[in-house]
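Below, each chain spelled out in residue letters.
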Amino acid sequence: MIHVEHLSKSFRVFQKDPGFRGSLRSLFKRKWIEKHALKDLNLHVGPGEIVGLVGANGAGKTTAVKMLAGIIHPTSGTANVLGHTPWQRKNAFRREIALLMGQKAQLWWDLPAGDCFELLRDIYSLPEAEFRKTLGSLTAMLGVEGQLRTQIRRLSLGERMKMEIIAALLHQPKVVFLDEPTIGLDLTAQRAVRKFLLEYRASHRPAMILTSHYMEDIEQLCERIVILREGEKVFDGPLADIQRAHSVRKVVIARLGEPAAGSEAAWERFELPAAWASAVRRTAEEVRYSVDRGRVAEAASRMLQGMPVADLSIEEEDISNLIEALLHRRPQ
Amino acid sequence: MTALPTWAWRVADLEVRRLFSYRVDFWVSFVVSTGVQLLASYFLWLAVFEHTGRDTVGGYSFQALVYYSMMAPLFTRAVRGKEFGLISDEIYDGSLSRFLLYPIPMFGYKLTLHAAHVGMTSLQLLLGFAAYALTAGLPAGHTTSAGSIALGLSALLAASVLHFFLSLILEMVAFWAEGIWSLLVMLRFVTSFLGGGHIPLTLFPEQMQQAMAWLPFPYLVSFPLLCFQGEMGLADWAIGVGAIAAWSLIFGLIALRVWRKGTLQFTGVGM
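Reading the values: the criteria
- Residues numbered from 1 in each chain as written.
- Chains lettered and ligands numbered in written order.
- Predicted model: local features only at pLDDT ≥ 70, side-chain atom pairs only at ≥ 80, totals over all residues.
- Heavy atoms only, no water.
- Helix = DSSP H or I, 4+ residues; strand = E, 2+ residues; numbered from the N terminus.
- Rg over C-alpha atoms; globule rule 2.2 N^0.38 Å.
- Buried < 20%, exposed > 50% of the residue type's maximum accessible area, 1.4 Å probe, protein only.
- Contact = heavy atoms within 4.5 Å.
- Areas by Shrake-Rupley, 256 points an atom, 1.4 Å probe, with all protein chains shown as cover.
- Lys, Arg positive; Asp, Glu negative; His and termini not counted.
- Charge placed at Lys NZ, Arg CZ, Asp CG, Glu CD.
- Buried area = accessible area lost by both parts, 1.4 Å probe.
- Salt bridge = Lys/Arg side-chain N within 4 Å of Asp/Glu carboxyl O.
- Polar contact = N/O pair within 3.5 Å; in protein donor to acceptor, adjacent residues only side chain to side chain.
- Nonpolar A, V, L, I, M, F, W, Y, C, P; charged D, E, K, R; others polar.
- Axes fitted to C-alpha atoms, helices over the stretch in contact; angles between N-to-C directions.
- Parallel < 35°, antiparallel > 145°, perpendicular 65-115°, else oblique.
- Phe/Tyr/Trp six-rings, centres within 6.5 Å; stacked < 30°, edge-to-face > 60°.
- Pairing = 2+ DSSP bridges.

Visitor: Got a minute to help me understand the overall build of chain B in this structure?
Guide: A count of helices and strands for chain B gives 11 helices and two strands. Reading the secondary structure of chain B in the N-to-C direction produces α-α-β-β-α-α-α-α-α-α-α-α-α. For 271 residues, the compact-globule formula gives about 18 Å, and the C-alpha radius of gyration of chain B, at 20 Å, lands near that figure. In terms of principal-axis extent, the alpha carbons of chain B reach across some 60 × 40 × 40 Å. Every one of the 271 residues in chain B was classed for burial, and the buried ones make up 49%. The contacts of chain B with a sequence gap of at least 6 include a subset with a gap of at least 24, amounting to 79%. Accessible surface for chain B amounts to roughly 12900 Å². Of this, 69% is attributable to carbon and sulfur atoms.

Have a look at this one:
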């Protein structure tokens, strides 16, 4: 559905020196720098797949999404989305895709959501019966049936985002680009949006590309992630592969019971060797150690002997830490 | 002739409803601007006539000039439709992106919105005309009739399309430059002054009048107003509307070219 080959985008960005003198100088002479927002991106996304684009601010996620949605032109490279070159913006292409930008309102601010949807019905030439059915199902899934007559600008952020999602999916696109769809939402609204997107994916099987800074979005929605660092792809694969390929540690967690009489001081002094373990949390109820993978059994054994352990568990390292490490080339 | 697509009707309908929902803005923009214009022109022309001691200026009586000075700004406002921000704001703040996603022509969408504004300002124009005619009476020699009003309004509609393409071209400079406010103010001044929005074009020097005949500006305000006042026959109206269509085609093609070049520059960056 989405095939991207060697896609790159550079911008010319105006640089102004700070202060009054800088402003004055910029009236006569301007300094421009070339910013490489995206470098040589290769990507393939199939139907029903949700791919998470992950990266720090300015990594090129939104630039990539905008190019694939046809909003901006690339500097070089090719992209084929549903058989179309996106930036040619053929109507047949635009009828089959949707882009939701969490940071930008796309609906008409002064109109009630219901009127916006009626307008979109006309814009996409949707048959009346099909439109009513889709709208009914989307509003029910997101629980916003009661807000259709309210002006968009009077809705809460969560309600507005739900309306934006409905607007993006009314024409049942085959490819959906979601640029930070849960930004600014409270936890309940975030969960509702995530649940809805999974249900929509199950029922319609669109190809989706999602960008988000919330790891929960990525973990719960995407089986596969693409990590961008300063415009370059540094990882493309299933989430689990990040752990397999990049996780050199595991977390050993001991939940503590009542210490035996006289042993308190001993376990309070308990430490694992710093060469292969480090304490990440230590309270009266729980102790967590990040341990080299090869020393997990030894760590567990020492903890069982040296502490009043009521329960012991071993977990993979937090995926968000691994991704962060990849993003910033932090040594593992 | 192809019928208007349903989305265009819907856009026009929603925009008209939105405009009329701002009742205060409708009356304030109409009553205050027309009242101020009327008072200013009344005292200005009074001073001119008293100072010169003449009965007519450029063939216009005092009453005719006051009437012209009230109607011309109403025509100017009607032709302009939406004052500013046809597309430049959306380029600046990045919200143009959504229009690039919809499977409808951008120019068609914006022209429909513009038409809704022209509809509202034309209604204001008719109200202003009716109020003036009923209270002060039309100047002697004016032959405004139902027919001339129809010719005037149809010429105004055509002129508003020409103005749309003119301002669209300048607004699209926002693809390359961030602040284009001064350009739009310039356009506003040029179209109003050279279009006959302040004083009748027949008061301009002869050579300037001849030069302006080769420019699109007289068709923006002066021509529809003269049609409205019954000073243009059907043949003159047809020639004028033909000229407007030709100018609109030229500026429409330029606008299309600028749009294609501009969207290559568009980064979608903004607030």
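Having seen the structure, we can now continue with the description.
Visitor: Is there a simple way to think about the overall build of chain A in this case?
Guide: Across its full length, chain A carries 12 helices and 13 strands. Expected size for 332 residues packed as a compact globule is a radius of gyration near 20 Å; at 25 Å, chain A overshoots this value by more than 25%. Dimensions of chain A along its principal axes, counting C-alpha atoms only, are 80 × 55 × 45 Å. Counting over 332 residues, chain A shows a buried share of 50%. At a minimum sequence separation of 6, the contacts of chain A that also span at least 24 residues come to 70%. Split by element, the accessible area of chain A, about 15600 Å² in all, is 51% carbon and sulfur. Charge separation in chain A, taken as the distance between the mean sites of 47 positive and 41 negative side-chain charges, equals 8 Å.

Visitor: Mind showing me how you'd approach the side chain of Ser290 of chain A here?
Guide: The topology assignment puts Ser290 of chain A in strand β12 (residues 286-292). Not counting the four nearest positions on each side in its chain, Ser290 of chain A is found in contact with Arg249, Lys250, Trp276, Ala277, Ser278 and Val280 of chain A.

Visitor: I keep staring at the interface of chain B and chain A and nothing clicks. Help me out?
Guide: Many authors give the size of an interface as the accessible area that is lost as the parts come together. On the side of chain A, 28 residues touch chain B, which itself brings 27 residues to the contact. Around 2500 Å² of area is buried between chain B and chain A when both sides are counted, 57% of it from carbon and sulfur atoms. Run the count over chain B and chain A and you get four salt bridges. Of the charged contacts in the structure, one is a salt bridge between Asp122 of chain A and Arg10 of chain B, with a shortest N-O distance of 2.6 Å. At the surface where chain B touches chain A, the tally comes to nine residue pairs in polar contact (both at pLDDT 80 or more). Only α1 (6-21), α5 (97-101) and α11 (234-265) of chain B provide two or more residues apiece to the side of chain B that touches chain A. In terms of residue count, α1 of chain B provides more of the side of chain B that touches chain A than any other element does, seven residues in total. Partitioned by chemical class, the residues of the side of chain B that touches chain A number 15 nonpolar, seven polar and five charged.

Visitor: When you look at the packing of helix α5 (residues 128-142) of chain A against helix α7 (residues 187-204) of chain A in this model, what are you seeing that I'm missing?
Guide: A pair of packed helices is captured by two measures, namely the crossing angle of their axes and the spacing between those axes. Residues and elements named next belong to chain A. Contact geometry of α5 with α7 gives a least axis separation of 9 Å together with a crossing angle of 140°. Between α5 and α7, the angle is such that the two are oblique. The residues of α7 that touch α5, namely those facing Leu138, Met141 and Leu142, are Ala192, Phe196, Glu199 and Tyr200. Partitioning the contact of α5 with α7 into residue classes produces six nonpolar, no polar and one charged.

Visitor: I'm lost on the environment of Leu178 of chain A in this one. Help?
Guide: Residues and elements named next belong to chain A. You can see Leu178 is positioned in strand β6 (residues 175-179). Exposure remark for Leu178: the relative accessible area of 4% places this residue in the buried category. Each C-alpha atom of the pair Leu178 and Trp108 lies 19 Å from the other, and the pair is 70 residues apart in sequence. Not counting chain neighbours up to four residues away, the residues in contact with Leu178 comprise Leu100, Leu197, Met208, Ile209, Leu210 and Thr211.

Visitor: Sorry, what's going on with helix α2 (residues 61-68) of chain A here?
Guide: Given 3.6 residues per helical turn, the α-helix brings residues three or four places apart onto the same face. Residues and elements named next belong to chain A. Of all eight residues that make up α2, seven are buried, and the element is covered over most of its length. Inspection of α2 places Lys61, Thr63, Ala64, Val65, Lys66, Met67 and Leu68 among the buried residues, and these make up the whole buried set. Gly70 lies just past α2 and shows a positive phi near 90°.

Visitor: When you look at the environment of Gly81 of chain B in this model, what are you seeing that I'm missing?
Guide: Residue and element names in this part refer to chain B. Its location among the elements puts Gly81 in the loop between α3 (62-80) and α4 (88-93). Taking relative accessible area as the criterion, Gly81 reaches 7% and is therefore assigned buried. Spatially, the C-alpha atoms of Gly81 and Gly119 are 7.9 Å apart, while their sequence positions differ by 38 residues. The residues contacting Gly81, other than those within four sequence positions of it, are His114, His117, Val118 and Thr121.

Visitor: How should the packing of aromatic side chains be read in this particular structure?
Guide: Given two aromatic rings, their pairing is described by the distance between the two centres and the angle made by the two planes. Residue and element names in this part refer to chain B. What the rule picks out here adds up to 23 aromatic pairs over all chains. Consider the rings of Phe175 and Phe266, whose centres lie 6.2 Å apart with planes at 85°: the pair is edge-to-face. Of the two residues, Phe175 sits in the loop between α7 (146-171) and α8 (181-194) while Phe266 sits in the segment after α11, which places them 91 residues apart along the sequence. Look at Phe175 and you get buried, because its relative accessible area is 9%.

Visitor: What should I look at first to understand the sheet that holds β12 of chain A in this one?
Guide: Whenever strands of a sheet pair, they do so through backbone hydrogen bonds, lying parallel or antiparallel. Residues and elements named next belong to chain A. Judged by pairing direction, the sheet is antiparallel, and its four strands sit side by side in the order β11-β12-β10-β13 without closing on themselves. Strands at the two margins of the open sheet, each flanked by one partner only, are β11 (277-282) and β13 (309-316). Sheet twist, expressed as the mean angle between neighbouring strand axes with direction ignored, is 20°.

Visitor: So what exactly am I meant to see when it comes to the pairing of β12 of chain A here?
Guide: Remark: a regular strand shows side chains that alternate across the two faces of the sheet. All names here are of chain A. Counting buried residues in β12 gives five out of seven residues, a clear majority hidden from the surface. Taken together, the seven bridges between strand β10 (residues 249-256) and β12 define a ladder with antiparallel strand orientation. Considered in β12, the bridge of Val251 is made with Ser290. The sheet contact formed by β11 and β12 spans five bridges and is antiparallel. Residue pairing in the sheet places Ala277 in a bridge with Val291 of β12. Following β11, the chain reverses through three residues before pairing antiparallel with β12.

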